[in-house]
Amino acid sequence: MIRTRFAPSPTGFLHVGGLRTALYNYLFAQHSNGKFLLRIEDTDQKRRVEGAEESLLNTLKLVGLDYDEGPYKEGPHAPYIQSQRTDIYRKYAQELIEKEVAYPCFCTTERLEEMRNKQQELKQAPMYDRACLKLTKEEIEAKKAANEPFVIRQKIPRGEKLRLNDLIRGIVVFETSTLDDQVLMKSDNFPTYHLANVVDDHLMEISHVIRGEEWLPSTPKHIMLYKALGWEPPQFAHIPLLLNKDKSKLSKRQGDVSVESYLEKGYLVPALINFIALLGWHPGKGEEQEIFTMEELVNKFDLAQVHKAGAIFDTDKLDWFNFQWGKKLHFKELEKIAKEIDPDVKIEENQRKEPVHTFSNADNERMFSQKRGEILLAKCEKHLKPQWTEKPETKAVLLKAIVTIEEKILKNPSEAQAHLECFFNPKDAAKALILNEKMKVDEAVTATALSEGLKALKDFDGWDSINKLQTLLLNLAKELNLKNGQLLWPLRVALSGEEFSPGTFEMLWALGKDESLKRINRSLQKTPREA
Ligand code: GLU
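Below or above, wherever it landed, is the structure these notes cover. (Residues numbered from 1 in each chain as written. Predicted model: local features only at pLDDT ≥ 70, side-chain atom pairs only at ≥ 80, totals over all residues. Heavy atoms only, no water.)

## Remarks on the pattern of salt bridges
For the record, the criterion: Each reported salt bridge corresponds to a side-chain nitrogen of Lys or Arg within 4 Å of a carboxyl oxygen of Asp or Glu. Burial classes follow relative accessibility: with a 1.4 Å probe on protein chains only, a residue under 20% of its type's maximum area counts as buried, one over 50% as exposed, and anything between as partly exposed.
Under the definition given, this model contains 34 salt bridges. Residue Asp464 is joined to Lys468 by a salt bridge in which the shortest nitrogen-to-oxygen separation is 3.8 Å. Accessibility expressed as a relative area gives 29% for Asp464, which makes it partly exposed. Lys468 gets classed as partly exposed once you look at its relative accessible area, which sits at 41%. Through salt bridges with shared partners, a single ionic network connects Arg5, Arg39, Glu41, Arg85, Asp200 and Asp201.

## Considerations on the pairing of strand 4 (residues 151-154)
What counts, and what does not: We count a stretch as a helix when DSSP gives it H or I for four or more residues in a row; a strand needs E for two or more, and each element gets its number in order from the N terminus. Any two strands with at least two DSSP-identified bridges between them are counted as paired.
What you see with strand 4 is no split at all: Val151 and Arg153 on one side and Ile152 and Gln154 on the other are buried throughout. Of the strand pairs in this sheet, strand 4 and strand 7 (residues 183-185) are connected by 2 bridges, and their pairing is antiparallel. Bridging across to strand 7, Ile152 finds its partner in Met185.

## Some points on the site of the ligand
Spelled out, the test is: When at least one non-hydrogen atom of a residue lies within 4 Å of a molecule or strand, that residue is treated as near it. Polar contacts, as used here, are pairs of N or O atoms within 3.5 Å; protein pairs need one atom able to donate a hydrogen and one able to accept it. Residues neighboring in sequence count only if both atoms are side-chain atoms. Each residue gets one label: Ala, Val, Leu, Ile, Met, Phe, Trp, Tyr, Cys and Pro are nonpolar, Asp, Glu, Lys and Arg are charged, and the others, such as Gly, are polar.
Surveying the vicinity of the ligand reveals the residues Arg5, Ala7, Ser9, Glu41, Tyr193, Asn197, Arg211 and Trp215. Contacts to the ligand include Tyr193, whose side-chain N or O atom sits 2.7 Å from an oxygen atom. Asn197 is positioned such that a nitrogen or oxygen atom in its side chain is 3.1 Å from an oxygen atom of the ligand. Looking at the shell around the ligand residue by residue, the classes come out as 3 nonpolar, 2 polar and 3 charged.

## Brief notes about the environment of Asp246
Relative to the helices and strands, Asp246 resides in the loop between strand 10 (242-243) and helix 8 (259-264). Separated by 223 residues in sequence, Asp246 and Leu469 have C-alpha atoms that sit 51 Å apart. Of the polar contacts made by the side chain of Asp246, one reaches the side chain of Ser248; its length is 2.6 Å.

## Description of the packing of helix 6 (residues 193-203) against helix 7 (residues 219-228)
Rules: Convention adopted: a line fitted to C-alpha atoms gives each axis, helices being fitted over their contacting stretch, and angles between N-to-C directions are expressed from 0 to 180 degrees. Roughly parallel means an angle under 35 degrees; roughly antiparallel means over 145; roughly perpendicular covers 65 to 115; every other angle is labelled oblique. Crossing chirality is assigned from the near helix's rotation relative to the far helix, an anticlockwise turn below a right angle marking it left-handed and a clockwise turn marking it right-handed. Here a residue-residue contact requires only that any non-hydrogen atoms of the pair lie within 4.5 Å.
Viewed as axis vectors pointing N to C, helix 6 and helix 7 meet at an angle of 55°, and their least axial separation amounts to 10 Å. Here helix 6 lies oblique to helix 7, going by the angle between them. In this structure, helix 6 crosses over helix 7, and the sense of that crossing is right-handed. For the pair formed by helix 6 and helix 7, the contact residues are Tyr193, His194, Leu195, Asn197, Val198, Asp201 and His202 on the first element and His222, Leu225 and Tyr226 on the second. Of the residues in the contact of helix 6 with helix 7, the class split is 5 nonpolar, 4 polar and 1 charged.

## Some points on the packing of aromatic side chains
Spelled out, the test is: Working definition: rings of Phe, Tyr and Trp (its six-membered ring) pair if their centres are within 6.5 Å, and the pair is stacked with planes under 30 degrees apart, edge-to-face with planes over 60 apart, and tilted otherwise. For a Lys NZ or an Arg CZ to count as sitting over a ring, it must be within 6 Å of the ring centre and within 35 degrees of the ring normal.
For the coordinates displayed, the defined rule picks out 14 aromatic pairs. Plain terms: the ring middles of Tyr26 and Phe36 are 5.7 Å apart, the flat faces sit at 85° to each other, and that makes the pair edge-to-face. Here Tyr26, found in helix 1 (residues 16-31), pairs with Phe36, found in strand 2 (residues 35-38); they are 10 residues apart in sequence, far enough to count as distant. The pair Tyr26 / Phe36 is uniform in exposure class, with both members buried. An aromatic cluster is present here, built from Tyr262, Tyr267, Phe275, Phe313, Trp320 and Phe321 joined pairwise through their rings. The ring of Tyr262 carries the charged tip of Lys265 above its face, separated from the ring centre by 4.6 Å.

## Remarks on the sheet that holds strand 3 (residues 102-105)
Read from one edge to the other, the open sheet built from 3 strands follows the order 3-4-7, with strand pairing classed as antiparallel. Edge positions in the sheet fall to strand 3 and strand 7, since each of these pairs with one other strand and no more. Within the sheet, the average angular offset between the axes of one strand and its neighbour, ignoring direction, is 45°. On the sheet, helix 3 (residues 86-98) packs against strand 3, strand 4 and strand 7 and is oriented at approximately 125° with respect to strand 7.

## Describing the pairing of strand 12 (residues 346-349)
Pairing analysis gives 4 bridges linking strand 12 to strand 13 (residues 355-358), with the strands arranged antiparallel. Across the sheet, the residue bridging to Lys346 is Thr358, located in strand 13. From the end of strand 12 to the start of strand 13, which pair antiparallel, there are 5 residues, and Lys353 there has a positive phi angle of about 65°.

## Details of the side chain of Thr4
In this fold, Thr4 is placed in strand 1 (residues 3-6). Residues contacting Thr4, with those up to four places away along its chain left out, are Asn25, Phe28, Ala29, Lys35, Phe36, Leu37, Ile206, His208 and Ile210.

## What to know about the packing of helix 14 (residues 392-404) against helix 16 (residues 416-424)
Two elements in contact, helix 14 and helix 16, have axes separated by 10 Å at closest approach and are oriented at 130°. The orientation of helix 14 relative to helix 16 falls into the category oblique. Crossing hand, helix 14 versus helix 16: right-handed. In contact with Thr394, Val397, Leu398, Ala401, Ile402 and Thr404 of helix 14, helix 16 contributes Leu420, Phe423 and Phe424. Tallied by class, residues from the contact of helix 14 with helix 16 come to 7 nonpolar, 2 polar and no charged.

## Re the environment of Lys300
Take Lys300: it is sitting in helix 10 (residues 294-300). In this structure, the C-alpha to C-alpha distance between Lys300 and Gly284, residues 16 residues apart in sequence, is 9.5 Å. Once residues lying within four places of it in the same chain are set aside, the contact partners of Lys300 are His31, Trp281, Pro283, Glu287, Gln289 and Phe292.

## Some thoughts on unusual backbone geometry
The peptide bond linking Ala78 to Pro79 adopts the cis configuration, its omega dihedral lying at 0°. Looking at where Pro79 falls in the secondary structure, it is placed in the loop between helix 2 (52-62) and helix 3. With a phi close to 65°, Tyr72 is a non-glycine residue in the positive phi region. Relative to the helices and strands, Tyr72 resides in the loop between helix 2 and helix 3.

## Side note on the side chain of Arg20
Spelled out, the test is: Just so you know, the count uses Lys and Arg for positive and Asp and Glu for negative, and it drops His and the chain ends.
Among the secondary structure elements, Arg20 is positioned in helix 1. The buried charged residue Arg20 lacks any salt bridge partner; its closest oppositely charged side chain belongs to Glu214, at an N-O distance of 6.7 Å.

## Concerning the state of the cysteines
Our working definition: Cysteine sulfurs are considered disulfide-paired once they come within 2.5 Å of each other.
Tallied over the entire structure, the rule returns 0 disulfides. Its sulfur unpaired, Cys105 is 3.9 Å from the next cysteine sulfur, which belongs to Cys107. Cys132 forms no disulfide, and the closest cysteine sulfur to it belongs to Cys107, at a distance of 3.7 Å.

## Overview of the environment of Gln84
Following the sequence through the fold, Gln84 ends up in the loop between helix 2 and helix 3. By relative accessible area, Gln84 is classed as exposed at 52%. Between the C-alpha atoms of Gln84 and Leu376, which are 292 residues apart in sequence, the distance is 50 Å.

Shown next, in the form of structure tokens:
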């Protein structure tokens, strides 16, 4: 049975790197119908931060990473909070001393500091000099009797080579002489991470330890502890570091790399999960899919496809995922509404793979468009001028105008105001722009386009439908023997006053007949037909 665990220390907010570790453990366990555990590693009492544990549990819940065993859940290996398991660690520390693979050390902080300074002067790697390993049984007893504080250290054999077959990094060989005699129990009688982690991973029957690469140097010490206690070590998979765009390490201290801060900024949970999953993992060559639901991730996840190289945390890419997911969820919501309004609605994709809704009658279409406008308005209302939403005349235009800039709102709601300005406060279109001088369009052609367009629109009664407006104008272009652009460009500029704006049919539909004709007329004055 595959059993994985996420074992955070409650020292602050959950970091995006921590979320990735949790996610990979979750996906790997789920993929093979195994179990995913949560264990709180809070034995370093000095680093404990008030409230960190609650916020961690809360964030995991928000992002949908539910654990099978862990704090506040029943489980065969409870408790899952290390500070509640200290008796267990003490027992194993004692066993390690008896097996002579650990020893008490009475060195004071001052002595250790002095030793380190000397090593630094001699340009040696800082390492415990094993002074206390020479103590006799009697000396140890005497010191204990005198209540001298002590720690328990791991006795690392010298001159051996230790091979680890890491599931991501392959074979890694460690020289034991480079390893320090790690403290296992501190003088406050609390274990260090190293002892507690090994004991718990064994007792909790963890089959795969999936964790950040920063723990790789500690792994040989862990393996020696497993062996000393006569236990089979789990399999290890060390996942690559997260890097900034400039390849520097993504730091824990940077406040805004907490998962909470991304959620607060409005990033969608599935977008964040999708983005984080692909930091260092990809379902393999030839696979072009980038948008994955949690279910798809569970189906596809495999440790063999986790890369060795550091993964770049690119926030532009995160924005892209957020946009794609925003669109996906928005169109799902619209689909539901469309079917409620009209069970016979036809939904097909257009060239841009966006759904087009075709209703069985104009009333349903109108109702749907109104709802769509309201949904979009809710997404950007706080960024809009209040008078647009307050006055009924402008509100009616707004609910349509907003539909014409749907994609822009989904991308960045705070820019909605700028894109909508042309509906309410149009610039007076410059003649050069109406004529599209850059494209060297003939003035007479433009004059014809505007006047014929105006004529056709005056007599038209299909203003409630973008499609009908489109059919009308495309037929007109054909009749006049104009290219579509020769007719649509000047009309659009006349309506918006802008080089870039929503399209001609959309603008006509949103502005309505009276306002549209007024604007076209005004532009026509600037490009009078030659006599
Ligand atoms: N408590 C460690 C941490 O905070 C866990 C490391 C491990 O997974 O072994 O990252």
